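# Analysis of the macromolecular model
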Amino acid sequence: MADIEDLFRLDQFVGSETLAELCFKVICKDLDIISEKNELGKEVALRSLLTGLVLPSEICDKLIEYVLRSDTIEFHDEFFHVFRDTSRTKLKRVKVVRSNMANYSAKILTSHKLVELELTDCVNVTEATIEYINANADNLQSLTCRGIHSSLIPARLTEYQKRGYVFKIPNLRSLTLEYVRIRTPEYNLLLAGMTNLTHLDLSNNFHIGNFEFFSSVPNLISLVLHNVKINFQVPAFLDNLCCLKNLRHLDISQFNHGHGVFGHPNIILSDIVKGLPHLTSLDISGTNLAGVQVGDNGRQGKTLKRPCFHDADCANTSEHCDIPGLASRVDRPLQFLGLYGTEYEACRRRNIPAKLIAGDANEDQILVAAHVCMNSKPGFLQKILNDLYHVYRYENFHRMDQALCAILEAMEKHPLHKYVQIAGSATLFYVVKMKEKGEIEPRLKERIIRTLLTGMSNFKDEETMMRNGCLTLNQFRIPQDVMSNYEALVKLLLYSAKHAEQEGYVQRIGIFLLNSLACQVTGREKRLLGNLGCIKTMLELIEYRVEFDIFDDVLEVAWSTMWNMTDETPINCERFFDENGMEFFHKCVKKYRHKEELLKNMMGLLGNVAEVQHLRAHLVQQQYIKLFANLLHSDSEGIEIPYNAAGILAHIASDGVEAWTVKRPSRNEVLELMVKASEQWDMFSERNINYRSFLPLLRLLDVYHTPQCQHWAVWALANLTTVYPHKYCILVIEEGGIEKLNTLMSDPRPYERIKALAHFVVVNCCHYSSNSVVL
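Residues numbered from 1 in each chain as written. Predicted model: local features only at pLDDT ≥ 70, side-chain atom pairs only at ≥ 80, totals over all residues. Heavy atoms only, no water.

This next bit is on the overall build of the protein. For the protein, the count of helices and strands is 31 helices and 12 strands. The C-alpha radius of gyration computed for the protein amounts to 35 Å, which surpasses the reference 28 Å derived for 775 residues by more than 25%, pointing to a less compact arrangement than a globule. By principal-axis analysis of the C-alpha atoms, the protein measures approximately 110 × 70 × 60 Å. A total of about 33900 Å² of accessible surface is found on the protein, and carbon and sulfur atoms cover 49% of it. Positive and negative side-chain charges in the protein, numbering 84 and 94 respectively, have mean positions lying 3 Å apart. (Helix = DSSP H or I, 4+ residues; strand = E, 2+ residues; numbered from the N terminus. Rg over C-alpha atoms; globule rule 2.2 N^0.38 Å. Areas by Shrake-Rupley, 256 points an atom, 1.4 Å probe, with all protein chains shown as cover. Lys, Arg positive; Asp, Glu negative; His and termini not counted. Charge placed at Lys NZ, Arg CZ, Asp CG, Glu CD.)

Inspection of the entire model under this criterion finds five cavities of 30 Å³ or more. By volume, the largest cavity amounts to about 60 Å³. What lines the largest cavity is simply C145, S150, L152, I153, L177, E178, Y179, V180 and R181. Considering only residue class, the lining of the largest cavity consists of six nonpolar, one polar and two charged. Classifying every residue of the lining of the second largest cavity gives five nonpolar, two polar and no charged. (1 Å grid on protein atoms, 1.4 Å probe; cavity = no way out; pocket = protein on both sides within 12 Å on 5 of 7 lines; lining within 4 Å. Points joined across faces, edges and corners; volume = space filled by probe spheres on them. Nonpolar A, V, L, I, M, F, W, Y, C, P; charged D, E, K, R; others polar.)

Strand β11 (residues 334-338) sits mainly inside the fold: four of its five residues count as buried. Pairing geometry for strand β10 (residues 281-283) and β11, over three bridges, is parallel. Paired with D283 across the bridge in β11 is G338. The pairing of β11 with strand β12 (residues 354-358) spans four bridges and is classified as parallel. From the neighbouring strand, L334 faces β12, where its bridge partner is A354. (Buried < 20%, exposed > 50% of the residue type's maximum accessible area, 1.4 Å probe, protein only. Pairing = 2+ DSSP bridges.)

Moving on to the nonpolar core. One finds I448, I542, W559, F585, F694 and W712 to be the most contacted residues of the largest nonpolar core, which totals 166 residues. What W712 contacts, discounting residues up to four positions off in sequence, is Y643, A646, G647, A650, H651, M674, W681, Y691, L697 and L700. Core analysis: the second largest hydrophobic core is formed by 97 residues, C145, F232, C242 and L279 among them. (Core = buried A, V, L, I, M, F, W, Y, C linked by side-chain atoms within 4.5 Å. Contact = heavy atoms within 4.5 Å.)

The next point concerns the sheet that holds strand β3 (residues 93-97). Pairing in this open sheet of 10 strands is parallel, and the strands run β3-β4-β5-β6-β7-β8-β9-β10-β11-β12 from one edge to the other. One side of each edge strand has no neighbouring strand; the edge strands of this open sheet are β3 and β12. With direction set aside, neighbouring strand axes in the sheet form an average angle of 5 degrees. In this structure, strand β9 (residues 249-251) lies alongside β10, joined through three bridges in parallel fashion. Note on β10: the bridge partner recorded for L250 is L282. (Axes fitted to C-alpha atoms, helices over the stretch in contact; angles between N-to-C directions.)

For the pair helix α26 (residues 667-678) and helix α28 (residues 707-723), interaxial distance at closest approach is 9 Å and the crossing angle is 25 degrees. As the angle between them shows, α26 and α28 are arranged roughly parallel. Between α26 and α28 lies a crossing whose hand is left-handed. Seen from α26, the contacting residues are L671, M674, V675 and S678; seen from α28, they are Q708, H711, W712 and W715. Of the residues that constitute the contact of α26 with α28, the class distribution is five nonpolar, three polar and no charged. (Parallel < 35°, antiparallel > 145°, perpendicular 65-115°, else oblique. Left-handed = near helix turned anticlockwise from the far one by under 90°.)

If you walk through the whole model with that rule in mind, you get zero disulfides. Between C28, a cysteine without a disulfide, and C23, which holds the nearest cysteine sulfur, the sulfur-to-sulfur distance is 11 Å. (Disulfide = S-S within 2.5 Å.)

Packing of α28 against helix α29 (residues 725-734) brings their axes to within 6 Å, and their N-to-C directions diverge by 135 degrees. With respect to α29, the axis of α28 lies oblique. Viewed along their axes, α28 and α29 form a crossing whose handedness is left-handed. Across the interface between the two elements, L717, L720, T721, T722 and V723 of α28 pack against P725, Y728, C729 and V732 of α29.

Now for the pairing of strand β5 (residues 142-146). Burial of β5 is extensive: five of the five residues sit out of reach of the surface. A two-sided burial pattern is seen for β5, the buried positions comprising S142, T144 and R146 on one face and L143 and C145 on the other. With five bridges connecting them, strand β4 (residues 116-120) and β5 associate as parallel partners. Paired with T120 across the strands is R146, a residue of β5. Handedness of the crossover joining β4 and β5 through helix α6 (residues 128-135): right-handed. As defined by bridge partners, β5 adjoins strand β6 (residues 174-177) across four bridges and the pair is classed as parallel. Bridged to T144 within β6 is T176. (Right-handed = clockwise from strand over helix to strand, strands pointing away.)

Let's shift gears to helix α2 (residues 19-29). For α2, every residue scored as buried is listed here: E21, F24, I27 and C28. All buried residues of α2 project into a common sector of 125 degrees when viewed along the axis, lining one side. Facing away from the buried side of α2, by more than 90 degrees, are the exposed residues L19 and K29. Here the buried face of α2 lies against α3 (57-70) and α14 (442-458). (Arc of directions from axis to C-beta.)

One widely used convention gives an interface's size as the accessible area the parts lose upon coming together. Domain annotation of the protein identifies domain 1 (15-91) and domain 2 (92-184). Using C-alpha coordinates to define each centre, domain 1 is positioned 22 Å away from domain 2. Residue-level contacts link 18 residues of domain 1 with 18 residues of domain 2. The junction of domain 1 with domain 2 conceals about 1400 Å² of combined surface from both sides, 57% of it contributed by carbon and sulfur atoms. (Domains from an automatic or database assignment. Buried area = accessible area lost by both parts, 1.4 Å probe.)

Across all of its chains, the model carries 25 aromatic pairs by this definition. Geometrically, the ring pair formed by F429 and Y430 is edge-to-face, given 5.0 Å between the ring centres and 75 degrees between the ring planes. Across this residue pair, the class does not change: F429 and Y430 are buried. Between W681 and W715, the ring centres sit 5.1 Å apart and the planes meet at 75 degrees, which makes this aromatic pair edge-to-face. Of this pair, W681 sits in the loop between α26 and α27 (695-700) while W715 sits in helix α28, and the two are 34 residues apart along the sequence. The pair formed by W681 and W715 is uniform in burial state, with each residue classed as buried. (Phe/Tyr/Trp six-rings, centres within 6.5 Å; stacked < 30°, edge-to-face > 60°.)

Right, let's talk about the side chain of S425 for a bit. Locating S425 in the fold gives a position in helix α13 (residues 418-434). Look at S425 and you get buried, because its relative accessible area is 0%. Sequence-distant contacts of S425, defined by excluding residues within four places in its chain, comprise M411, L452, M465, N468 and T472.

Written out as structure tokens, the structure is:
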């Protein structure tokens, strides 16, 4: 095993994507680039490689991994048909993970005479595939079949007894078969003819008896029996195991605590290491084989009350070794020793004859444990991530980069394991929180966010997962850092808003994130929010709170979200009316008239609506006009509410006298109130507003038939270019505002106050331009 510095390397997550990676992503989004669908009389249309294309194994092998990760297609058999022509596609090392492919696709893949084949969580692949493997096994060196629901190996091997073998793979070196349900005598049949096998993994298998089948695999250098019930009380098992004299790696770790407790553990461990002279790597995690430390050579951690042994268990104890069974290895330490979850906290002992230790005593041990358990021990991995959580929660860290790699790898490799996702997302929160935002490379940020979203999507009804994910996402710059995953995040948050507990924390933080996603984005993203039903969802949240007389920050933020997403987006303004938004506006004004922040958000939204000419007719109703007129003299602390009220009225008035169909209050009366109100506002007032364009304001400068409209627009420009010159002067200049203002000042129709304000804006912009040139 490598040094701890090399177990997890951050450089795999950072830096620019390679051209090959970009190409794979593009192909995954559109498989028509390399293939076409053809109807073959089957329920699912199958894909064939485009005529003239020839793809080498370096492309084909990777393409499978990328397509399966991308969820491009629903039925994987459709995709795997691309590789049917072995003269134009070449496969060498195939890794199929969490696929719904059937035996039909397995036949295609094996026809390439593979060197390596992995089938993990492929529940539709049955024992029929055994014959496809055997028929094309000339080059096969590694075969892996993982997954609790795997049905590649049948429960009984009766049908294979007559021919004397199951697999006929003469050159196989590595075999992994999880959750095999056959009985002990049938292992000889299962492993028959595999005399060249050097690596065998039978994790989670049910019945291996006394390991009598050791003679079928005499050349093993690696044996993994993780979570396999072992009977060390029968001497034959230990004797058979120790016949594998070439063994270098042995894993007898147990996640099931009851299966890991043995009588006379010191003697058993001593016999193992003495009987396997070439052993360099040993994993006894979850067992009691480390025994009880005898004497007091020093411990790291709390002292435990321990029983005292008076028999041969203590015979091999050395003053230089705190694990009695490993006393014989003091002068020849193991390269790796797995002690995670062992009895009596063995990993915390001081004198342990091993260079790398997996345990939970410190950050290094936990990271080693994560590396060891990454691929096939999700139960342990969940606990390990919880241990990391406690390390980083109290900021007791030294290897944060390695931890980040470990968390991401764990979550990516086990996306459907709920507790790995929950533990990983919780730990990820603290790691991201402690890192400076500028420290995280863009590509790494994207990977963190994508990994979180995958976990949240798979467990979107799990409150803890959604809370962890939202809290972690909130550590990033929203929306800038999530733009490549914008749509997926919006869909998740909208689902959460509708299905999470009303008034609960998950719903609350989700709404805040949605509001942030509606800010500082282009019309494309705002339209996407509307297309995905954001307006409807926000109004449903508002309706619930109005009905049950609830005032909370969700109510305020729901209106704020709609304010942001209707900005210069007419289609979303239309959706607001289509979903009876004005009804809820009226109810909220009536019920919460004195809630200033809420009123500000609602008026901001209607200000956006009023900029859309064909929608203004919906606002020309006596109850609304009267309300807007009354708000011109709001006693609020800032000017936002009366400012937006005046803006709404100015846009309505800009349509002319004939569009004003309300008798009371009269148009002239309201226009007079608008001017009076604007003259009372402080020109230096700071604003809670963000204009992306001044075009709606500049259009009002052309409304010479109603100079009061010009008055409001030019006051707004004067205020914004005074308080925020670096942000808004350039906007006036770029959008042709200077020309319009000069035209206005030279026209006899506007009154002098309007021209004075226009001159003020021009001076601000000229001053800004001259300073910019100097700089």
